[in-house]
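What the coordinates show
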Amino acid sequence: MGEPLTVGIIGAGAISAQYLDTFDTLPSLRLAAVADLDPDRAGAVAAERPGTRAVTPDELVVAPDIDLVLNLTVPAAHADVAGKAVAAGKHVYGEKPLATTVAQATEVLAAADQAGVRVGCAPDTVLGTGIQTARRAIDDGSIGVPVAASAVMANSGPESWHPSPDFYYLPGGGPLFDMGPYYVTAPVTLLGPVTRVTGTAGRPRPERTIGSGARAGVSVPVEVDTHVSGALVHASGAISTIIMSFDTVATRASNLEVHGEHGSLIVPDPTPSPETRHCAARATTTGRCYR
Ligand SMILES: NC(=O)c1ccc[n+]([C@@H]2O[C@H](COP(=O)([O-])OP(=O)(O)OC[C@H]3O[C@@H](n4cnc5c(N)ncnc54)[C@H](O)[C@@H]3O)[C@@H](O)[C@H]2O)c1
């Protein structure tokens, strides 16, 4: 890998703005190219950034100067875009989920192993202060042997704020693929690997109405389950309960809790807002704040 690492973005939609802001603070990365199925989106980014060119997705993955492809496409395209980049010898970092089936994910990782390139995937929030602090508190024995966790992401769906929420309700979308990566990665980080999964899911509404942007008022079809409830059995024997829902108008459930034989940890949200990002874990038994 070169220094700085030369990056090409595929997918210049809503989330790309956050990545673009971050590039300006990271001298170890250089954004050289951007591509999108919609060339105007790629063109708009390139026009704002001297030194960044707009290309097609196919041109980007084979461009000799690109070290890493940043895959910010919609979930259903993640495995295909990552696979093409890996086949062209590029490292890949992608938005979650890595793929929408285990088979596709396994294929991407196996191809990357063969090609000698690296594949990374969001979320990286488990590396942040809150969950790392909770992990240390657990490792230090502050709640005794962990026996259970609960992870809850429950809201009424992204159509109120996302101007193009269609993909959230198409195969590859839904709360489990959209937010589950945060709320599954967190208990796995805290309690270790999972050996057994059970669950059930429902789809109470056949369509959703866009609440903002140029298409406000337009209905989009719902083709995925929008309330998912599951139990994860960790190799240690601990059990995590997961609720991922786009069918919840108001909830008072904690986003993430871990329960041990001597106490419970209320862990910060794995998808922190700017307001809560710097909070660290708090033990309910002692009130002690971990930083
Ligand atoms: N919007 C958010 O707040 C947010 C937050 C965290 C993560 N994410 C994740 O980021 C990803 C993108 O979300 P978004 O909100 O930016 O979606 P979006 O629909 O706004 O943008 C996706 C872009 O990818 C392009 N695209 C789709 N398939 C493509 C392909 N095969 N080749 C090239 N371009 C393609 C689309 O034209 C579009 O411009 C998703 O995986 C989502 O889960 C989004």
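Residues numbered from 1 in each chain as written. Predicted model: local features only at pLDDT ≥ 70, side-chain atom pairs only at ≥ 80, totals over all residues. Heavy atoms only, no water.

1. Structural notes on the overall build of the protein
The secondary structure content of the protein amounts to 8 helices and 15 strands. Since a compact globule built from 291 residues should have a radius of gyration of about 19 Å, the 20 Å found for the protein is in line with a globular shape. Within the protein, the fraction of its 291 residues that count as buried is 44%. Across the protein, every contact between residues at least 6 apart in sequence was considered, and the portion connecting residues at least 24 apart equals 66%. (Helix = DSSP H or I, 4+ residues; strand = E, 2+ residues; numbered from the N terminus. Rg over C-alpha atoms; globule rule 2.2 N^0.38 Å. Buried < 20%, exposed > 50% of the residue type's maximum accessible area, 1.4 Å probe, protein only. Contact = heavy atoms within 4.5 Å.)

2. A short note on the domain arrangement of the protein
Domain annotation for the protein reports domain 1 (5–121) and domain 2 (125–283). Distance from the C-alpha centre of domain 1 to the C-alpha centre of domain 2: 26 Å. Contacts between the two partners involve 8 residues from domain 1 and, on the opposite side, 8 residues from domain 2. Together, the buried faces of domain 1 and domain 2 total about 660 Å²; carbon and sulfur atoms form 69% of this surface. The largest per-residue losses of area from domain 1 upon contact with domain 2 belong to Pro 75, Lys 96 and Thr 100, which jointly make up 57% of the total buried on that side. (Domains from an automatic or database assignment. Buried area = accessible area lost by both parts, 1.4 Å probe.)

3. Remarks on the site of the ligand
By nearness alone, 25 residues border the ligand, and Ala 14, Ile 15, Asp 36, Arg 41 and Lys 96 come closest of all. Ile 15 is positioned with one of its backbone polar atoms (N or O) 2.8 Å from an oxygen atom of the ligand. Separating an oxygen atom of the ligand from a side-chain N or O atom of Asp 36 is a distance of 2.5 Å. Taking 820 Å² as the accessible area of the ligand by itself, protein coverage stands at 86%. (Near = heavy atom within 4 Å. Polar contact = N/O pair within 3.5 Å; in protein donor to acceptor, adjacent residues only side chain to side chain. Areas by Shrake-Rupley, 256 points an atom, 1.4 Å probe, with all protein chains shown as cover.)

4. As for the confidence of the model for the protein
Per-residue confidence for the protein averages 92 on the pLDDT scale, and 92% of its residues sit at or above 70. Note that residues 274–291 has pLDDT below 50 and, in this model, 39 contacts with residues that lie over four places away or in other chains. (pLDDT = per-residue confidence, 0-100.)

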